[in-house]
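# A structural walkthrough
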Amino acid sequence: MKHIGLKIIACIFGIALWFYVVSARVTEIDIQVPLVFTRLPETLAIASRPAQKITITVKGTAIDLIRLKRSSESAAKILVDLHDAELGLERIILSEDNFIAPDFPNIHYQSANQIAALEVEIDTRISRTIPVHLKGAFDAKDGYTIIGVPTPDPDTISISGAREALTRIFEIQTEEIKKQNLEADETFNVPLDFSKLPPYVFPSDSFAKVPVSVQPLVRKSFTSVPVQLIGLYDRSQYLLEPSIATVEVSGGQGVLSDIKKKDILLFIEFNRFAIEDADSLEPTVRISSDVKSFQVRPEKFYLKKKVPVVPEADPANDSTKASPSAPADSQKTVLTENAK
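All residue numbers refer to positions counted from 1 along the written sequence of the respective chain. For a predicted model such as this one, the threshold for reporting local features is a pLDDT of at least 70, and the threshold for listing and counting side-chain atom pairs is 80 or more; totals across whole chains, interfaces and linings nevertheless cover every residue. Side-chain numbers here rest on the full set of heavy atoms in the structure, without hydrogens or water.

Numbered from the N terminus, helices here are DSSP runs of H or I no shorter than four residues, and strands are runs of E no shorter than two. The secondary structure content of the protein chain amounts to five helices and 24 strands. Considering the protein chain as a whole, with its 340 residues, one finds that 34% of them fall into the buried category. The contact definition used throughout considers only heavy atoms, calling two residues in contact when any of these lie within 4.5 Å. Excluding contacts between residues fewer than 6 apart, the proportion of contacts in the protein chain whose partners are at least 24 apart in sequence is 73%. Only the protein chains shown count as cover for residues, with accessible areas throughout obtained via the Shrake-Rupley method and a probe of 1.4 Å. For the protein chain, the exposed surface amounts to about 21500 Å²; the carbon and sulfur share of it is 52%. Only protein chains enter the accessibility calculation, which uses a 1.4 Å probe; a residue whose area is less than 20% of its type maximum is buried, one above 50% is exposed, and one in between is partly exposed.

This is how it looks when you write it as structure tokens:
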């Protein structure tokens, strides 16, 4: 056990010397690096789908290569300068000039694996405005209701890119969102889904706001609402019976507080009786505000035909006596059914 300390020191120095020799040795390895296009004129755009990363062979000392492998993805990259690009197919031969690794000056580009040259299709750049489609569902808590239809803001965005690529894009969807048991107004920030966009297409926004209006659910009744008979017909001959209705409406508390009887329109088209071959019909309902549901009472209304008023016979004047074929009772003003 003599001189054990010296043996340990010698062992440490031996390992250090071995590590120094190995780390200083020049070698080659393959690494994946991002492909970055620069200085493309504003009037042009990339129309093809070049790889986002490529595998290249680099050369350097072992210690530098180890450090490079452990560094971030952006520590090394391949830059492709397109400042003199023209419309059509560009063929680019990669070289040492394209390799960038600012923090590793002693690492050098050797070759690009699997590709002899980089091919890029160049097209005219255009801009388009396309609609944003909300992909989601919103549900209110029991006793509450959502007012209106939630829509994204902005509801359109501008995108720019190659003409050929943009002509195939018709809308941008949001990422899916589902919210339940809402009981108060809320605004949600929803990311836009660009997963289906072609590469090198640039949108003006990446998020959309979705405001959702929620109010307590209440009911309100409106009586004596007139029911109109509309269309081309002899107004002196026909009418609806009954001519008024009661409408019960359910909806948001704030919305119903603003609704007046004049905001509810009930009508039946005259020719529907003949088309549907019916003597009674449900009216069409138009309410100017956004309500959840409504109910009309009575449910159906009848088409009646008026019979003209005939004066009663004057016994003192034979010319005004009622005809035997027309009893006096039938000459009074009455309403008869006319279903068609």
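Having put the structure on the table, let's press on.
With respect to the secondary-structure elements, Glu 86 resides in the loop between strand S4 (77–81) and strand S5 (88–92). The spacing of Glu 86 and Leu 44 is 42 residues in sequence and 8.0 Å in space, taken between C-alpha atoms. Setting aside residues no more than four positions away along its own chain, Glu 86 makes contact with Leu 44 and Ile 122.

Ring pairs shown here join Phe, Tyr and Trp side chains whose ring centres sit within 6.5 Å, with only the six-membered ring taken for Trp; geometry is labelled stacked below 30 degrees between planes, edge-to-face above 60, and tilted in between. Overall, the coordinates contain five aromatic pairs when judged by the stated rule. Pairing Phe 37 with Tyr 200 gives two aromatic rings, centres 5.8 Å apart and planes at 80 degrees, and the pair type is edge-to-face. Placement of Phe 37 in strand S1 (residues 26–38) and of Tyr 200 in the loop between strand S14 (186–191) and strand S15 (202–203) is noted, with a sequence separation of 163 residues between them. Accessibility expressed as a relative area gives 23% for Tyr 200, which makes it partly exposed. Through a chain of ring-to-ring contacts, three or more aromatic side chains come together here, namely Tyr 233, Tyr 238 and Phe 270.

Moving on, we get to the sheet that holds strand S3 (residues 53–61). Spatially, five strands are ordered S6-S4-S1-S3-S7 in an open sheet, and the strand pairing comes out mixed. Where the open sheet ends on each side, the last strands, each with one partner, are strand S6 (99–100) and strand S7 (108–112). Note: S1 against S3, nine bridges, orientation antiparallel. Each bridged residue has a counterpart across the sheet, and for Asp 30 the counterpart in S3 is Thr 57. Strands are treated as partners if at least two bridges between them are detected by DSSP.

Another point: the environment of Ile 147. Positionally, Ile 147 belongs in strand S10 (residues 144–147). Separated by 67 residues in sequence, Ile 147 and Val 214 have C-alpha atoms that sit 5.9 Å apart. Non-local contacts of Ile 147, meaning those with residues more than four positions away in its chain, are made with Ser 213, Gln 215, Gly 252, Val 255 and Asp 290.

On the secondary structure map, Ser 48 appears in the loop between strand S2 (44–46) and S3. The term polar contact refers here to a pair of N or O atoms within 3.5 Å; inside protein, the definition further demands a hydrogen-donor-capable atom paired with an acceptor-capable atom, and it admits residues adjacent in sequence only when both atoms are side-chain atoms. Polar contacts involving the side chain of Ser 48 include one to the main-chain amide nitrogen of Glu 121, which spans 3.0 Å. Contacts of Ser 48, omitting those with residues within four sequence positions, involve Glu 119, Val 120, Glu 121, Pro 199 and Tyr 200.

Within this document, salt bridges are pairs made up of a side-chain nitrogen of Lys or Arg and a carboxyl oxygen of Asp or Glu, the two lying within 4 Å of each other. Inspection of the entire model under this criterion finds nine salt bridges. Across the pair Asp 81 and Arg 39 runs a salt bridge, and its minimum N-O distance is 2.6 Å. Residue Asp 81 is located in strand S4, and its partner Arg 39 is located in the loop between S1 and S2; the two are separated by 42 residues in the primary sequence. By relative accessible area, which is 34% here, Asp 81 ends up partly exposed. On the accessibility criterion, Arg 39 (55% relative accessible area) is exposed.

This next bit is on unusual backbone geometry. For the bond from Asp 153 to Pro 154, the omega torsion is 5 degrees, close enough to zero to count as cis. Along the chain, the position of Pro 154 falls in the loop between S10 and strand S11 (156–162). Going from Arg 297 to Pro 298, the amide bond is cis rather than trans, its omega being -5 degrees. Mapped onto the elements of the fold, Pro 298 is located in the loop between strand S22 (293–297) and strand S23 (301–306).

Here we come to the environment of Leu 94. Within the secondary structure, Leu 94 is located in the loop between S5 and S6. Placed 24 residues apart in sequence, Leu 94 and Leu 118 show a C-alpha to C-alpha distance of 7.3 Å.

Before going further, it helps to examine the nonpolar core. As used in this record, nonpolar core signifies buried Ala, Val, Leu, Ile, Met, Phe, Trp, Tyr and Cys residues forming a set joined through side-chain atoms within 4.5 Å. Ranked by size, the top nonpolar core spans 28 residues in total, and within it Phe 37, Ile 56, Ile 78, Val 80, Leu 94 and Phe 99 carry the most contacts. Sorting elements by how many residues they give to this core places S1 first, with four residues. For Ile 78, the contacting residues outside a window of four places in its chain are Val 33, Pro 34, Leu 35, Val 36, Ile 54, Ile 56, Leu 94, Asn 98, Phe 99 and Tyr 109.

All of the buried residues in helix H2 (residues 62–70) are Ala 62, Asp 64, Leu 65 and Leu 68. The arc that holds every buried residue of H2, seen down its axis, measures 160 degrees, which confines them to one face. Directions drawn from the helix axis to the C-beta atoms are what define this arc.

Buried residues dominate S11, accounting for five of its seven residues. In this structure, S11 lies alongside S15, joined through two bridges in antiparallel fashion. Bridge pairing in S15 links Ile 159 to Pro 203.

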